[in-house]
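Breakdown of the fold
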Amino acid sequence: MALLRRSAAVALPALLALAAACSGAQTPAMALKEAVEDYTRSMRWGFVEKAGSHIPDNLRAAWIRQRRIAQSIVTIHEYDIRAVEHVVGTEKARVIVLAVWSRPSDPVTHQEMLAQEWRYRDRNWWMITQYPIQADGPGQAPLKPTDAL
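Described in the following lines is the structure provided in the data block. (Residues numbered from 1 in each chain as written. Predicted model: local features only at pLDDT ≥ 70, side-chain atom pairs only at ≥ 80, totals over all residues. Heavy atoms only, no water.)

**Describing the nonpolar core**
Tyr39, Trp63, Tyr79, Trp118 and Trp125 are the most contacted members of the largest nonpolar core, which has 22 residues in total. Looking at this core, the elements that each hand over two or more residues are helix H2 (28-44), helix H3 (48-52), helix H4 (57-71), strand S1 (75-85), strand S2 (92-103), strand S3 (106-121) and strand S4 (124-133). Among the elements that line this core, the one with the most residues is H2, at six residues. Once residues lying within four places of it in the same chain are set aside, the contact partners of Trp63 are Tyr39, Met43, Val48, Ala51, Gly52, Ile55 and Met127. (Core = buried A, V, L, I, M, F, W, Y, C linked by side-chain atoms within 4.5 Å. Buried < 20%, exposed > 50% of the residue type's maximum accessible area, 1.4 Å probe, protein only. Helix = DSSP H or I, 4+ residues; strand = E, 2+ residues; numbered from the N terminus. Contact = heavy atoms within 4.5 Å.)

As structure tokens, this is what we get:
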């Protein structure tokens, strides 16, 4: 009988953890991955309203309006996640994205590296701000093609 109680005491926490995983309980890290991928995919394909669901309520309307206007004069060719910097247990994350775009009247493509600041609030991840960064990093000289040889 004692062996049965001890087995139940060991198995119960494992069973509860399995039930939580199967019920769709999501950790903040899992939610971050899902939110960033959804935002990035939505931006890549021009689904501004869907991407806007990851913008805080008080900023969303202006953000959507600005993106609609801007996307009417550019074509996005790529919008790819390059890095996600997040320490598990914290409510902040930094995402690095590479955007490749052009203007319909100009076939030249442009690349822009962007940093996004994300915050975890009310069980959701929100993209708070986005700004361009240099791929080389601060204080580094730009790389030349011959540096690879």
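**Quick word on H2**
Within an α-helix, residues lying three or four positions from one another point in the same direction, as the helix has 3.6 residues per turn. End to end, H2 covers 24 Å across 17 residues, agreeing with the expected 24 Å (1.5 Å per residue, within 8%). Considered for burial, the residues of H2 that qualify are Ala31, Leu32, Ala35, Val36, Asp38, Tyr39, Thr40, Ser42 and Met43. Check the buried side of H2 and you find it contacts H3, H4, S1, S2, S3 and S4. At the C-terminal side of H2, Gly46 shows a positive phi close to 80°. (Expected span 1.5 Å × (residues − 1).)

**Comments concerning the sheet that holds S1**
Strand pairing in a sheet is mediated by backbone hydrogen bonds. Such pairs are either parallel or antiparallel. Taken together, four strands build an open sheet; the order of strands is S1-S2-S3-S4 and the sheet is antiparallel. Each edge of the open sheet carries a strand with a single partner, namely S1 and S4. Put simply, the sheet's adjacent strands are angled 25° from each other on average, direction ignored. Across nine bridges, the pairing between S3 and S4 is antiparallel. (Pairing = 2+ DSSP bridges. Axes fitted to C-alpha atoms, helices over the stretch in contact; angles between N-to-C directions.)

**Topic: the pairing of S1**
Strand direction decides the pairing type here: S1 and S2, joined by nine bridges, are antiparallel. If you follow Glu85 over to S2, its bridge partner there is Arg94. Hairpin geometry of S1 and S2 is characterised by an intervening segment of six residues between the two adjacent antiparallel strands and by a positive phi of about 100° at Gly89.

**Examining the environment of Arg103**
When you line up the elements, Arg103 lands in strand S2. When its relative accessible area of 39% is taken as the criterion, Arg103 is described as partly exposed. C-alpha of Arg103 to C-alpha of Ile76: the two residues are 27 residues apart in sequence and 8.9 Å apart in space. Ignoring any residue separated from it by four or fewer positions in sequence, one finds Arg103 in contact with Ile73, Val74 and His110.

**As for the packing of aromatic side chains**
Counting across every chain of the model gives four aromatic pairs. Between Tyr39 and Trp118 the ring centres are 5.7 Å apart and the planes differ by 90°, which places this aromatic pair in the edge-to-face class. Here Tyr39, found in helix H2, pairs with Trp118, found in strand S3; they are 79 residues apart in sequence, far enough to count as distant. With respect to class, Tyr39 is no different from Trp118; both count as buried. Among the aromatic residues, those joined into a cluster by ring pairs are Tyr39, Trp63, Tyr79 and Trp118. Positioned above the aromatic ring of Trp45 is the side chain of Arg44, whose terminal nitrogen or guanidinium carbon lies 4.1 Å from the ring centre. (Phe/Tyr/Trp six-rings, centres within 6.5 Å; stacked < 30°, edge-to-face > 60°. Lys NZ or Arg CZ within 6 Å of the ring centre and 35° of its normal.)

**Topic: the environment of Ser53**
Tracing the backbone shows Ser53 in the loop between H3 and H4. Overall, Ser53 belongs to the partly exposed group, its relative accessible area being 38%. As a C-alpha pair, Ser53 and Asp38 span 15 residues in sequence and 9.6 Å in three-dimensional space. Here Ser53 is in contact with Asp38, Arg60 and Trp126, once residues within four sequence places are set aside.

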